[in-house]
Amino acid sequence: QKEVEQNSGPLSVPEGAIASLNCTYSDRVSQSFFWYRQYSGKSPELIMSIYSNGDKEDGRFTAQLNKASQYVSLLIRDSQPSDSATYLCAVNSNAGNMLTFGGGTRLMVKP
Amino acid sequence: DVKVTQSSRYLVKRTGEKVFLECVQDMDHENMFWYRQDPGLGLRLIYFSYDVKMKEKGDIPEGYSVSREKKERFSLILESASTNQTSMYLCATEFNPNQPQHFGDGTRLSIL
């Protein structure tokens with residue numbers, strides 16, 4: 001069973017819409033949650049960190065964490081074609097105290 | 001800002017060669033990691049290190065070794081390169097497991 005799961009996509013949204021990316025995890029005592037953006041051929045770039053239940057906003061990005069339901073999501077408002085990338089969810093799993101990455105969701109924002 | 005520098009962006013080697021991939025970080029992080037990334041397979045952990053001279057196997061260590069003689073430098077070694085090791089290799093560092101990992105630019109390695 002995968003510890004961190006994401007829908008591989010592609011998720012296609014029109015320019016200006018809200019893109020919603022979801023991630024579920026299996027370790028109930030996970031404490032740290034991260035979203036990375038990865039453009040094709042490039043390395044992952046950290047865009048959001050979240051540690052507590054609720055919402056955390058940074059510009060057009062909002063991370064949402066629900067520990068009871070074991071999911072974390074990323075909302076991108078006013079999506080732009082430059083947001084087209086693969087988004088990786090990463091969760092600190094206390095089993096071995098390692099950061100575990102999901103497989104990523106490919107987002108396509110169409111002009 | 002954390003800076004993680006990988007020695008080469010693109011590298012072409014021949015089968016059977018010994019290949020060294022270097023990673024240097026400037027933030028005094030204890031923890032360093034080597035991943036490979038292939039289409040459809042996501043990030044796969046090869047080796048990691050929590051301290052100088054310390055190394056631990058990740059999920060796919062076969063065919064690889066590592067060296068960490070200094071805190072800032074973590075090297076990945078392909079002892080005898082094979083074509084199935086053609087991949088994107090990513091180095092990452094972290095301050096501790098509750099903090100994010102920071103990645104280098106990656107090395108796209110082709111083994112011919």
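Scroll up a little and you will see the structure.
These remarks concern the structure in this document. (Residues numbered from 1 in each chain as written. Chains lettered and ligands numbered in written order. Predicted model: local features only at pLDDT ≥ 70, side-chain atom pairs only at ≥ 80, totals over all residues. Heavy atoms only, no water.)

Regarding the overall build of chain A
In step 1: Helix and strand counts for chain A come out as zero helices and eleven strands.
In step 2: When the helices and strands of chain A are read in sequence order from the N terminus, they spell out β-β-β-β-β-β-β-β-β-β-β.
In step 3: Scaling as 2.2 N^0.38, a compact globule of 111 residues should have a C-alpha radius of gyration of about 13 Å, and chain A matches this with 13 Å.
In step 4: Considered along the principal axes of its C-alpha atoms, chain A spans approximately 40 × 30 × 20 Å.
In step 5: Each of the 111 residues in chain A was classed as buried or not, and the buried ones make up 46%.
In step 6: The long-range share in chain A, meaning contacts at least 24 apart out of those at least 6 apart in sequence, stands at 54%.
In step 7: Surface summary for chain A: the accessible area is close to 5,300 Å², and the carbon and sulfur share equals 47%. (Helix = DSSP H or I, 4+ residues; strand = E, 2+ residues; numbered from the N terminus. Rg over C-alpha atoms; globule rule 2.2 N^0.38 Å. Buried < 20%, exposed > 50% of the residue type's maximum accessible area, 1.4 Å probe, protein only. Contact = heavy atoms within 4.5 Å. Areas by Shrake-Rupley, 256 points an atom, 1.4 Å probe, with all protein chains shown as cover.)

Describing the state of the cysteines
Residues and elements named next belong to chain A.
In step 1: Counted under the stated rule, the structure contains two disulfides over all chains.
In step 2: Paired through a disulfide, Cys-23 and Cys-89 show a sulfur-sulfur distance of 2.1 Å. Residues Cys-23 and Cys-89 are joined by a disulfide whose S-S torsion is about -70°; by sign, that bridge is left-handed. Taken as a pair, Cys-23 in strand S3 (residues 19–25) and Cys-89 in strand S9 (residues 85–93) lie far apart in primary sequence, 66 residues in all. (Disulfide = S-S within 2.5 Å.)

Observations concerning the interface of chain B and chain A
In step 1: At the interface, 19 residues of chain B touch 19 residues of chain A.
In step 2: Here chain B and chain A share an interface that buries about 1,400 Å² over both sides, 54% of which is from carbon and sulfur atoms.
In step 3: In this assembly, chain B and chain A are joined by zero salt bridges.
In step 4: Our count for the contact surface shared by chain B and chain A stands at six residue pairs in polar contact (both at pLDDT 80 or more).
In step 5: Among the residues making up the side of chain B that touches chain A, the classes are represented as eleven nonpolar, five polar and three charged. (Buried area = accessible area lost by both parts, 1.4 Å probe. Salt bridge = Lys/Arg side-chain N within 4 Å of Asp/Glu carboxyl O. Polar contact = N/O pair within 3.5 Å; in protein donor to acceptor, adjacent residues only side chain to side chain. Nonpolar A, V, L, I, M, F, W, Y, C, P; charged D, E, K, R; others polar.)

Observations concerning the packing of aromatic side chains
In step 1: Per the counting criterion, the structure on display carries eleven aromatic pairs over all chains.
In step 2: Judged by centre distance (5.7 Å) and plane angle (85°), the ring pair of Tyr36(A) and Phe103(B) falls under edge-to-face. Residue Tyr36(A) is located in strand S4 (residues 33–38), and its partner Phe103(B) is located in strand S10 (residues 102–103); the two belong to separate chains.
In step 3: By relative accessible area, which is 1% here, Tyr36(A) ends up buried.
In step 4: Grouped by ring-pair contacts, the aromatic residues Tyr36(A), Phe101(A), Phe33(B), Tyr35(B), Phe48(B), Tyr50(B) and Phe103(B) constitute a single cluster. (Phe/Tyr/Trp six-rings, centres within 6.5 Å; stacked < 30°, edge-to-face > 60°.)

Focus: the sheet that holds strand S7 (residues 61–66) of chain A
All names here are of chain A.
In step 1: Pairing is antiparallel in the open sheet, where five strands are placed in the order S1-S3-S8-S7-S6. With partners counted over all chains shown, the strands left at the sheet margins are strand S1 (4–5) and strand S6 (54–58), one partner each.
In step 2: Pairing of S6 with S7 involves five bridges; the strand directions are antiparallel. Its bridge partner being in S7, Gly-54 is matched across the sheet by Leu-65. (Pairing = 2+ DSSP bridges.)

So yeah, pure geometry; function would need other evidence.
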